Amino acid sequence: MTEMLSYDFMQRALLAAVLVGITAPAVGIYLVQRRQALMGDGMGHVAMTGVGLGFIFQTSPVWMAVLVCVLGAVTMELVRSRGNQRGDIALAMLFYGGMACGKLLVSLSAQAGAGSLESYLWGSILTVAPSDLAVIAVLGAVVIAVTVGLRRQLFAICQDEDFARVTGLPVRTLNLLLAVMAAVTVTVAMRVVGLLLVSALMVVPVVAAQQLTRSFAATQAAAIALGVVVSLAGVTGSYHLNVPSGPAIVLLAIAVFAVFSLLAAPLARRRHRARGEADQGPKVCDVQLPSQGSSDATTPEQRAGLAQ
Amino acid sequence: MTHPIPPAVHLRDAVASRGGRPVLRGVDLTVAPGEVVALLGANGSGKSTTVKAVIGSVPLEQGTLELFGTPYGSFRAWHRIGYVPQRTTAASGVPATVREVVSTGRLAQHRLLPFRRKDREAVDRALAAVGMLDRAGDGVADLSGGQQQRVLIARALVGTPDLLIMDEPMAGVDAASQQVLADTLRAEVARGASVLLVLHELGPLEPLIDRAVVLRDGCVAHDGPPVPNTGLHALPGHDHVHPHADLTPPRLLA
Ligand SMILES: Nc1ncnc2c1ncn2[C@@H]1O[C@H](COP(=O)(O)OP(=O)(O)OP(=O)(O)O)[C@@H](O)[C@H]1O
Ligand SMILES: [Mg+2]
């Protein structure tokens, strides 16, 4: 453990893991709330074009990915808010186009090493450079400030957009803000979990947490805690087992989801018992129907009914 | 006729379409201060669209809308409006408690400031008014449809609005709760609130209603006093308009 922490790259990777573990579920919860769980996935694909552009122009792939991803997210939000019937087709084009474009650009670029794109796709703890960490930290801080600071507003627009408009919220601006935050999160998380699995870290901790929670606030807190735990554990596991960090993190998150779903039913039952029987009413129906005499429980009609 | 206080809603000659189809073809609708207006009409006649035009979520292609005397474009006093949408569920993809959902109705009051004690008390009062205070901590997804409807009504009441806009608030609500809601609404009206209600049957709200507006195919077919103890078919303008519809039309209202 101490040996692991003595490496600079591991310190950076763990720090990045904490930031990603917080930001991904913090944004993802709103996407899940709006039943747009796969939006993060789409943005991960679009970000590949950004990475490709970074390779071609020899600039930071992270900043390029931020740029392209934000453009993609704004497009997706505009398509969604139009309520366009063919909206899903437009999004599909964006996803496939982004992925194809990314691969093409990378193979055209001079530094097209075999593993270069690979590390962006699946996450790699070895490649979190100090400059990357600075970008991740700044962007992560912005995402956390927005998603936690504006949680009542974002909750309202994702819960019921029409109603939110009547409370005077700038619904369109907030929707765009949320889309941009999701795009930024994708690029923040890409070094740690990889573009293909980014969406999993946005969604799985949220759905795992909601197996056990009843309120939005508790779900958000639990999802963020879970995100941090699985990210740290995944990066650590990745170091010890020499596997890519993304798959390790995601498999851990799914394992947590499985355990929580198994716990959900017994826990709900216990919660009901804990609330006491006073407000629960009697366990079984003990109301005497008028037709039922006090002495004879079964009337002729009922017997006739039973005999049928 | 001029009002010393401008009407809460003043919609004139509204034309709007949804999904490319014209749905409103020139609707006039006014709700005076303190007035209770019922919006009636068959399924698909454009009641919900009219209401959505009033709150601005369906854009007008033609016509004008004023809220409390202010043109829609420059209207900012959203805290004066409470809205109950027509829907079947209050649940979304992530669990939320009854209290959390009702709290969103206070956003126009506290805005970016933290949620304070008086906000919490308002939520309690609104939940008590619809008889759901004992379920405040439960998830909305765990409630029945009628209970969810009552939560959505509480969400509209929680900001003590001057104008309540309710799209079929009584749908799926049992008779006893309808009576409770009618009493709540009466108290709101006594406080001075105006109400715009979409209804299919007047029910226990009947004595409260000052005026009925009947829509047919996106046009106003009747605007005047509600006819007591009758359904839609007895309202003027609703009989014998379609020349071939005389083969015992199905009754809309039981
Ligand atoms: N989201 C939508 N997209 C496209 N068309 C719509 C949409 N919502 C409603 N419409 C159309 O607009 C017309 C009016 O619908 P509206 O919801 O206003 O009716 P309504 O009077 O509220 O009916 P109901 O009694 O069923 O609530 C209908 O013909 C419907 O087909
Ligand atoms: Mg309707």
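Computed from a prediction, not measured in an experiment: that's the story for all the values here.

(A) The arrangement of the overall build of chain A in detail. When helices and strands are counted, chain A shows 14 helices and 0 strands. Counting helices and strands in the order they occur from the N terminus, chain A gives α-α-α-α-α-α-α-α-α-α-α-α-α-α. Long-range contacts, defined here as pairs at least 24 residues apart, represent 75% of the contacts in chain A between residues at least 6 apart. Total accessible area on chain A is roughly 14700 Å²; 67% of this is exposed by carbon and sulfur atoms.

(B) The sheet that holds strand β1 (residues 9–18) of chain B, seen in detail. Residues and elements named next belong to chain B. The 4 strands lie next to each other as β2-β1-β4-β5, forming an open sheet whose pairing is antiparallel. Whereas interior strands pair on both sides, the edge strands pair on one side only; in this sheet they are β2 (21–31) and β5 (70–71). Bridging between β1 and β2 involves 8 bridges; their strand directions are antiparallel. Across the sheet, H10 pairs through a bridge with T30, a residue of β2. Sheet strands in contact with helix α1 (residues 47–55) are β1, β2 and β4 (62–67), and its direction is about 65° off that of β2.

(C) Examining empty space enclosed by the protein more closely. Enumeration over the complete set of coordinates arrives at 2 cavities of 30 Å³ or more. Its volume calculated, the largest cavity comes out at about 70 Å³. Surrounding the largest cavity, 14 residues form its lining, T167 of chain A together with W78, I81, G82 and G105 of chain B being those nearest its centre. Looking at the lining of the largest cavity, the elements that each hand over two or more residues are α9 (161–166) of chain A together with β6 (81–84), α3 (107–110) and α5 (145–157) of chain B. Split into classes, the residues belonging to the lining of the largest cavity amount to 7 nonpolar, 6 polar and 1 charged. Estimated volume of the second largest cavity: approximately 50 Å³. Lining the second largest cavity, in full, are I153, L157, M166, P169, M170, L181, T184 and L185 of chain B. Residue assignment for the lining of the second largest cavity shows that the elements contributing at least two residues are α5 and α6 (175–191) of chain B. Per-class residue counts for the lining of the second largest cavity are 7 nonpolar, 1 polar and no charged.

(D) Region of interest: the coordination of the magnesium ion (ligand 2). Residue and element names in this part refer to chain B. Surrounding the magnesium ion (ligand 2) are the protein donor atoms S48 (OG) and Q86 (OE1), at 1.9 to 2.1 Å. A residue pair is termed long-range when its members are at least 10 positions apart, and S48 in helix α1 and Q86 in the loop between β6 and α2 (98–103) qualify at 38 residues. The buried category is assigned to S48, whose relative accessible area is 17%.

(E) Summary view of the environment of L112 of chain B. Within the secondary structure, L112 of chain B is located in the loop between α3 and α4 (117–129). Since its relative accessible area comes to 69%, L112 of chain B is described here as exposed. Measuring from C-alpha to C-alpha, the distance between L112 of chain B and R216 of chain B comes to 42 Å, with 104 residues separating the pair along the chain. Sequence-distant contacts of L112 of chain B, defined by excluding residues within four places in its chain, comprise L150 and Q153 of chain A.

(F) Seen up close, the pattern of salt bridges. Residue and element names in this part refer to chain B. Tallying each qualifying case throughout the model produces 17 salt bridges over all chains. Linking R135 and D138 is a salt bridge whose minimum nitrogen-to-oxygen distance equals 2.6 Å. In this structure, D223 engages R211 in a salt bridge whose closest nitrogen and oxygen atoms are separated by 2.6 Å. Here D223 is found in strand β10 (residues 219–224), whereas its partner R211 is found in strand β9 (residues 211–216), with 12 residues between them in sequence.

(G) A look at the confidence of the model for chain B. Overall, the prediction assigns chain B a mean pLDDT of 85, with 88% of residues at 70 or greater. Counted against residues more than four places away or in other chains, residues 233–254 of chain B, with its pLDDT under 50, gives 24 contacts.

(H) Structural context of the side chain of D162 of chain A. With respect to the secondary-structure elements, D162 of chain A resides in helix α9. Note on D162 of chain A: relative accessible area 16%, which makes it buried. A polar atom in the side chain of D162 of chain A sits 3.3 Å from the side chain of S57 of chain B. The residues touching D162 of chain A, leaving out its near neighbours within four places in the chain, are K52, I55, S57 and Y83 of chain B.

(I) Representation of unusual backbone geometry in the model. Residues and elements named next belong to chain B. Phi is positive for F68, close to 50°, though the residue is something other than glycine. If you trace the backbone, F68 turns up in the loop between β4 and β5. Classification of F68 as buried rests on a relative accessible area of 13%.

(J) View of the packing of aromatic side chains. Counted according to the given criterion, the structure contains 8 aromatic pairs over all chains. Arranged with centres 6.3 Å apart and planes meeting at 50°, the rings of Y7 of chain A and Y239 of chain A form a pair that is tilted. Taken together, the positions of Y7 of chain A in the loop between α1 (2–5) and α2 (8–33) and Y239 of chain A in helix α12 (residues 216–241) put the pair 232 residues apart, joining distant regions of the chain. The rings of F68, Y72, F75 and W78 of chain B are connected pair by pair, giving a single aromatic cluster. When the ring centre of F68 of chain B is taken as reference, the NZ or CZ atom of R80 of chain B above it lies at 3.8 Å. The ring centre of F163 of chain A lies 3.7 Å from the NZ or CZ of R155 of chain B, which sits over that ring.

(K) Main features of the site of ligand 1. Residue and element names in this part refer to chain B. Among the 15 residues in the neighbourhood of ligand 1, the closest are listed as N43, G44, K47, S48 and T49. For ligand 1, the accessible surface in isolation is 630 Å², of which the surrounding protein chains cover 66%. Elements with a contribution of two residues or more to the shell around ligand 1: β2 and α1. Here the residues of the shell around ligand 1 are counted per class, giving 2 nonpolar, 9 polar and 4 charged.

(L) Spotlight on the packing of helix α11 (residues 198–209) of chain A against α12 of chain A. Residues and elements named next belong to chain A. Direction vectors running N to C along α11 and α12 enclose 125°, while the axes themselves pass 8 Å from each other. With respect to each other, α11 and α12 are oriented oblique. Crossing hand, α11 versus α12: right-handed. Seen from α11, the contacting residues are L201, P205, V206, A208 and A209; seen from α12, they are T219, A222, A223, L226, G227, V230 and S231. Tallied by class, residues from the contact of α11 with α12 come to 9 nonpolar, 3 polar and no charged.

Reading guide: rules and limits
Residues numbered from 1 in each chain as written. Chains lettered and ligands numbered in written order. Predicted model: local features only at pLDDT ≥ 70, side-chain atom pairs only at ≥ 80, totals over all residues. Heavy atoms only, no water. Helix = DSSP H or I, 4+ residues; strand = E, 2+ residues; numbered from the N terminus. Contact = heavy atoms within 4.5 Å. Areas by Shrake-Rupley, 256 points an atom, 1.4 Å probe, with all protein chains shown as cover. Pairing = 2+ DSSP bridges. Axes fitted to C-alpha atoms, helices over the stretch in contact; angles between N-to-C directions. 1 Å grid on protein atoms, 1.4 Å probe; cavity = no way out; pocket = protein on both sides within 12 Å on 5 of 7 lines; lining within 4 Å. Points joined across faces, edges and corners; volume = space filled by probe spheres on them. Nonpolar A, V, L, I, M, F, W, Y, C, P; charged D, E, K, R; others polar. Donors = N, O, S within 2.8 Å, 3.2 Å for Na, K, Ca; no water. Buried < 20%, exposed > 50% of the residue type's maximum accessible area, 1.4 Å probe, protein only. Salt bridge = Lys/Arg side-chain N within 4 Å of Asp/Glu carboxyl O. pLDDT = per-residue confidence, 0-100. Polar contact = N/O pair within 3.5 Å; in protein donor to acceptor, adjacent residues only side chain to side chain. Phe/Tyr/Trp six-rings, centres within 6.5 Å; stacked < 30°, edge-to-face > 60°. Lys NZ or Arg CZ within 6 Å of the ring centre and 35° of its normal. Near = heavy atom within 4 Å. Parallel < 35°, antiparallel > 145°, perpendicular 65-115°, else oblique. Left-handed = near helix turned anticlockwise from the far one by under 90°.

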